[in-house]
Amino acid sequence: MAAGSRHISTLRQRLPGAAQSFSPLQALTMLRTIHRRLSISEPLPCLSQCLRSNSTLPSVGSFSGQMRNSSCAKSIIRHSAFFPQVRFFSSLTDGSRTNENESECEEIDTSSSVDSLTPFIDRNVSQVSLDHPLAVGKDETVEGERDQEIDILEELENPEVLSHYVEMPLMPETYTLASYVDQSETLQKLVHMGVDLSKIQKRRGVASLLMRMDFERDIKDKLSFLHHCGLPGEELGSFVTKNPFIFGEELQNLEARVHYLQEMKFSPEAISQIISRAPYFLNFSIERIDNKLGYYQQLFGFNDANIRAIITRCPKLVTGKVSRPKENLFVLEFQCGFSKSALRNMVLQEPSILLRGKQALIDTFDYLHNTMKIPHKLLLGSPGAFLGRIDRVKDRHKFLVHKKRNQYSPKEPGYVSLMALFKVPDDAFCEKIAKVSEEEYNHFLKTCCI
């Protein structure tokens, strides 16, 4: 009994408010819901008259005369715990009757919450069968008028009364944007720009963020700003697909971060490349950007010009974690045997090696240095070799060994450039380096490289 009382008190606290705030349709809908749950078929003529006259909710006194003798009054009062806002329920009978009903309310099952009842009411709004434009049903009749089926697709004289129910509701957390495109002008314009909604909706919170935004108010100015910074119009869709969180940033903050790059003497072309290559760059605060630039300048002893050069070529050094560059430097210095001055030159030529996977660096160096016998000096002059596909180099090296053309020393005749093994396509490799037909090379791959 005590547990039931606590549940009733909790329900009353969760739904504060006065009964006068309810419209006739809402009150009727709640009453019909109670009717269905209690299997009560007796209509409420007072509410019928109220809706026919399109008046406001009647006073307690006008209800009490009809409800006092109604067979469903006791059940409605008993279940009024589900609707604590409708205060006229408690005044339908005298004080002793109310106390009796309150004691009965403590005995009802309150395991179902108001939250579970709300969608049930919403689903049955279209089943109410009185004269109201939103009330249609087959199980009740209005006194003085004949029953008739109402076509829900028929154009109404007052269509705005349906607008509250016709509009697609905005869920607090949504993960599928396809069903909202027809109703959202913002999503339609993003699709026309080339934004891939199937990708951005997988990001946590992005779908709900876009559904709450207006294109003219929240998005248009930021897209114009990105285009003004040098991002081509045809790349805006790809940029937003990679970084939809840019719309969550204040325009003043974006302008301040670009102004910081200008103060650091980055050219407009460099700023454009930075934004294009690292879409999340502008999401970082000025303090974080400045800390990253200072860290790399101190780590390598670079001057301002060198820092601008490596950040322009590899801006993800700012947006990524510093743990990977530190780990790669350790691998190249202590496991591969490069000196600090050599690493400094390699980073200036190919700063992307700082973001390469540790194991990929080890495997590439092991094959180039220990199998192909390429010395450190040649590797130092071709740091881009650490960024290529080592599997392709293995196949081509085996074929050159088969043809006895594996000459990688620039001082010897028949020299084969290391970068050519990584970059040139198969037809150019066969014609200019291996001096064979492409069919012969493919046949070798099928028979000898299995």
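We now turn to the structure provided with this report. (Residues numbered from 1 in each chain as written. Predicted model: local features only at pLDDT ≥ 70, side-chain atom pairs only at ≥ 80, totals over all residues. Heavy atoms only, no water.)

**Observations regarding the overall build of the protein**
Definition in use: Secondary structure elements follow DSSP: runs of H or I of four or more residues count as helices, runs of E of two or more count as strands, with numbering from the N terminus. In what follows, residue pairs with any heavy atoms lying within 4.5 Å of each other are defined as contacts. To be clear on the numbers: accessible area is Shrake-Rupley with a 1.4 Å probe, and residue cover counts the displayed protein chains and nothing else.
Scanning the protein for helices and strands turns up 26 helices and zero strands. Look at the contacts in the protein between residues 6 or more apart in sequence, and 71% of them connect residues 24 or more apart. Carbon and sulfur atoms form 50% of the exposed surface of the protein, whose accessible area is close to 25,500 Å².

**Notes on the packing of helix 17 (residues 304–313) against helix 20 (residues 340–349)**
Any two packed helices are characterised by how steeply their axes cross, that is the angle between the axes, and by the distance between the axes. As a reminder of what qualifies: Here, axes are lines fitted to C-alpha atoms. For helices the fit covers the stretch in contact, and angles between N-to-C directions go from 0 to 180 degrees. Roughly parallel here means an angle under 35 degrees, roughly antiparallel means over 145, roughly perpendicular means 65 to 115, and every remaining angle is called oblique. In this classification, the charged set is Asp, Glu, Lys and Arg, the nonpolar set is Ala, Val, Leu, Ile, Met, Phe, Trp, Tyr, Cys and Pro, and all remaining amino acids, among them Gly, are polar.
Across the interface, helix 17 lies against helix 20 with an axial gap of 9 Å and an inter-helix angle of 55°. As far as their axial angle goes, helix 20 and helix 17 are oblique. Across the interface between the two elements, Asn306, Ile310 and Arg313 of helix 17 pack against Arg344, Val347, Leu348 and Gln349 of helix 20. For the contact of helix 17 with helix 20, a count of residues per class yields three nonpolar, two polar and two charged.

**Topic: a negative patch on the surface**
Stated precisely, the cut-off is as follows: Patch criteria: residues need more than 30% relative accessible area and no salt bridge. Like-charged residues are merged within 9 Å; nonpolar side chains of Val, Leu, Ile, Met, Phe, Trp and Tyr are merged within 5 Å. Counted as salt bridges are all cases of a side-chain nitrogen of Lys or Arg within 4 Å of a carboxyl oxygen of Asp or Glu. Positive charges come from Lys and Arg alone, negative charges from Asp and Glu alone, with His and the N- and C-terminal ends not counted. For the purpose of locating charges, the reference atoms are NZ of Lys, CZ of Arg, CG of Asp and CD of Glu.
A cluster of acidic residues, Asp427, Glu431, Glu438 and Glu439, forms a negative patch at the surface. Every element with two or more residues in the negative patch is listed here: helix 25 (426–434) and helix 26 (438–448). Mapped onto the elements of the fold, glutamate 439 is located in helix 26.

**Concerning the packing of aromatic side chains**
So the rule is basically this: Any pair of Phe, Tyr and Trp rings, taking the six-membered ring for Trp, is counted once the centres come within 6.5 Å. Such a pair is stacked with planes under 30 degrees apart, edge-to-face with planes over 60 apart, and tilted for the rest. Throughout, exposure labels follow a simple rule: accessible area from a 1.4 Å probe, protein chains only, divided by the maximum for the residue type, with under 20% read as buried, over 50% as exposed, and the rest as partly exposed.
A complete count under the given rule lists eight aromatic pairs for this structure. Measuring from ring centre to ring centre gives 6.2 Å for phenylalanine 338 and phenylalanine 386, while their planes differ by 75°; the resulting arrangement is edge-to-face. One end of the pair, phenylalanine 338, is in the loop between helix 19 (323–335) and helix 20; the other, phenylalanine 386, is in the loop between helix 22 (376–381) and helix 23 (390–402), with 48 residues separating them in the sequence. With respect to class, phenylalanine 338 is no different from phenylalanine 386; both count as buried.

**Section: the environment of glutamate 216**
Going by this rule: Contacts described as polar in this section are N or O atom pairs within 3.5 Å, which, within protein, must combine one atom able to donate a hydrogen with one able to accept it, while residues neighboring in sequence count only if both atoms come from side chains.
Relative to the elements of secondary structure, glutamate 216 occurs in helix 12 (residues 215–228). A C-alpha to C-alpha distance of 9.9 Å links glutamate 216 and glutamate 185, two positions 31 residues apart in sequence. Within the structure, glutamate 216 has its side chain in polar contact with the side chain of lysine 189 (distance 3.2 Å).

**Considerations on helix 15 (residues 268–277)**
The α-helix advances 3.6 residues per turn, and as a result positions three or four apart in sequence lie on the same side. Buried within helix 15 we find Ala270, Ile271, Ser272, Ile274 and Ile275. For helix 15, the elements touching its buried residues are helix 12, helix 13 (236–242), helix 14 (251–263) and helix 17.

**Section: the packing of helix 15 against helix 17**
At their nearest, the axes of helix 15 and helix 17 sit 8 Å apart, and the two run at 40° to each other. Judged on the interaxial angle alone, helix 17 and helix 15 are oblique. Contact with helix 15, carried on its side by Ala270, Gln273, Ile274 and Arg277, involves Ile311, Thr312 and Arg313 of helix 17 and no other residues of that element.

**Some words on the pattern of salt bridges**
For the structure on display, the rule yields nine salt bridges. Close ionic contact of lysine 189 with glutamate 185 constitutes a salt bridge, the shortest N to O distance being 3.2 Å. Here lysine 189 and its partner glutamate 185 are both found in helix 9 (residues 185–193), four residues apart, which amounts to about one turn of the helix. Overall, lysine 189 belongs to the partly exposed group, its relative accessible area being 24%. One salt bridge connects arginine 313 with glutamate 350, and the closest N-O pair in it is separated by 3.8 Å. Here arginine 313, found in helix 17, pairs with glutamate 350, found in the loop between helix 20 and helix 21 (358–371); they are 37 residues apart in sequence, far enough to count as distant. Through salt bridges with shared partners, a single network forms among Glu185, Lys189, Glu216 and Lys220.

**Observations concerning the environment of phenylalanine 239**
As for its position among the elements, phenylalanine 239 is in helix 13. A sequence separation of 36 residues divides phenylalanine 239 from isoleucine 275, and the C-alpha atoms of the two residues are 8.9 Å apart. For phenylalanine 239, the residues in contact, after removing those within four places along its chain, are Leu226, Leu231, Ile246, Ile275 and Pro279.

**Here we look at the side chain of threonine 312**
Checked against the element boundaries, threonine 312 lands in helix 17. Assessed through its relative accessible area of 12%, threonine 312 is described here as buried. Within the structure, the side chain of threonine 312 is placed 2.6 Å from the backbone oxygen of arginine 308, a separation counted as a polar contact. Once residues lying within four places of it in the same chain are set aside, the contact partners of threonine 312 are Phe266, Ala270, Gln273, Ile274 and Arg277.

**Structural notes on helix 12**
Applicable threshold: Take the number of residues in a helix, subtract one, and multiply by 1.5 Å to get its expected span.
Taking 1.5 Å as the rise per residue, helix 12 with 14 residues should run 20 Å; its terminal C-alpha atoms sit 18 Å apart, in good agreement. The complete set of buried residues in helix 12 reads Phe215, Asp218, Ile219, Lys222, Leu223, Phe225 and Leu226. As for helix 12, its buried residues are in contact with helix 9, helix 13, helix 14 and helix 15. Phi turns positive, to about 110°, at glycine 230, one or two residues after helix 12.

**Some details on the side chain of asparagine 306**
The topology assignment puts asparagine 306 in helix 17. What makes asparagine 306 buried here is its relative accessible area of 18%. Excluding residues that lie within four positions of it along the chain, asparagine 306 makes contacts with Arg344 and Leu348.

**Considerations on the environment of alanine 178**
Inspection of the secondary structure puts alanine 178 in the loop between helix 8 (163–166) and helix 9. Put simply, alanine 178 and glutamine 201 are 23 residues apart on the chain and 9.5 Å apart in space, counted from C-alpha to C-alpha.

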